[in-house]
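The lines below spell out each chain.
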Amino acid sequence: RFSPCFIGCRVLALRKMLLPSPGAASMMLPARQGVFMFDDLKGKVVVVTGGVTGIGGAASLAFAAAGARVFAQYLGGGEELAAVEKAGIATLKLDLTEEGAPEKLMAAAVARFGRIDVLVNNAGYSLLGNFEELSSAEFERQIATNLFGVIYVMRAALPVMRKQRSGHVINI
């Protein structure tokens, strides 16, 4: 069986890296070409898929703390959903593997904020179990989410970014 510890450790490390203190919004990322500095995010619109739990939830909170206007897509969330919404992050429950869902996500983000400056493609699905015991349907669901979902979301976001003549896509 696969261990979820690795993913959990990555989430904790990301939270510590991005939100080390209440004053995290003033912290800056390394200044390299193509990398945002936190100060550059004030007022930017960031769409995060899988943006309520795990790495996506931590990223949504970090972007919001840096002054970005965040739109987070999710499928489930519980307590994490409440924390993200309390931080002022707009949310939309949507299954990105359903036809037309990525377009609905982008349309909702543009309707809410008027533009999309950054897309963080983070939504993902993990299979846990012995490889040889997993069904074809389970593999197909994983490919639909982790490969086609990413492609479809980018395909829906790029026309908006082209029209704006700007935008960034981050695939996790």
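Owing to the predicted nature of the structure, the values given are computational and were not obtained by experimental measurement.

Attention shifts here to the packing of aromatic side chains. The way to describe two aromatic rings as a pair is by their centre distance and the angle between their planes. The tally for this structure, following the rule as stated, stands at 3 aromatic pairs. Ring centres of F148 and Y152 lie 6.0 Å apart, and the angle between their planes is 20 degrees; this geometry places the pair in the stacked category. Highlighted residues: F148 and Y152, both in helix α5 (residues 136-164), separated by 4 residues, approximately one helical turn. Using a relative accessible area of 36% as the deciding quantity, one classes F148 as partly exposed. The ring of Y125 carries the charged tip of R141 above its face, separated from the ring centre by 3.9 Å.

This brings us to helix α4 (residues 101-113). Its 13 residues place the ends of α4 18 Å apart at the C-alpha level, agreeing with the 18 Å of an ideal helix rising 1.5 Å per residue. Inspection of α4 places A101, P102, L105, M106, A109 and F113 among the buried residues, and these make up the whole buried set. Angularly, the buried residues of α4 cover 140 degrees about the axis, an arc narrow enough to put them on a single face. Pointing more than 90 degrees away from the buried face of α4 are the exposed residues K104 and A111. As for α4, its buried residues are in contact with β1 (45-48), β2 (69-74), β3 (90-93), β4 (118-121) and α5. The first or second residue beyond α4 is G114, which carries a positive phi of 85 degrees.

On to the sheet that holds strand β5 (residues 168-171), then. With parallel pairing, the 5 strands of this open sheet are ordered in space as β3-β2-β1-β4-β5. Edge positions in the open sheet fall to β3 and β5, since each of these has one partner strand only. Strand-to-strand twist in this sheet, taken as the mean axis angle between neighbours without regard to direction, amounts to 15 degrees. For β4 and β5, the ladder comprises 4 bridges, and the chain directions are parallel.

The next subject is the side chain of D117. Looking at the element boundaries, D117 is found in the loop between α4 and β4. You can call D117 buried: its relative accessible area is 6%. In this structure the side chain of D117 is engaged in a polar contact, spanning 2.7 Å, whose partner is the side chain of R115. Residues contacting D117, with those up to four places away along its chain left out, are G43, K44, V45, M161, Q164, G167 and H168.

About the criteria used
- Residues numbered from 1 in each chain as written.
- Predicted model: local features only at pLDDT ≥ 70, side-chain atom pairs only at ≥ 80, totals over all residues.
- Heavy atoms only, no water.
- Phe/Tyr/Trp six-rings, centres within 6.5 Å; stacked < 30°, edge-to-face > 60°.
- Helix = DSSP H or I, 4+ residues; strand = E, 2+ residues; numbered from the N terminus.
- Buried < 20%, exposed > 50% of the residue type's maximum accessible area, 1.4 Å probe, protein only.
- Lys NZ or Arg CZ within 6 Å of the ring centre and 35° of its normal.
- Expected span 1.5 Å × (residues − 1).
- Arc of directions from axis to C-beta.
- Contact = heavy atoms within 4.5 Å.
- Pairing = 2+ DSSP bridges.
- Axes fitted to C-alpha atoms, helices over the stretch in contact; angles between N-to-C directions.
- Polar contact = N/O pair within 3.5 Å; in protein donor to acceptor, adjacent residues only side chain to side chain.

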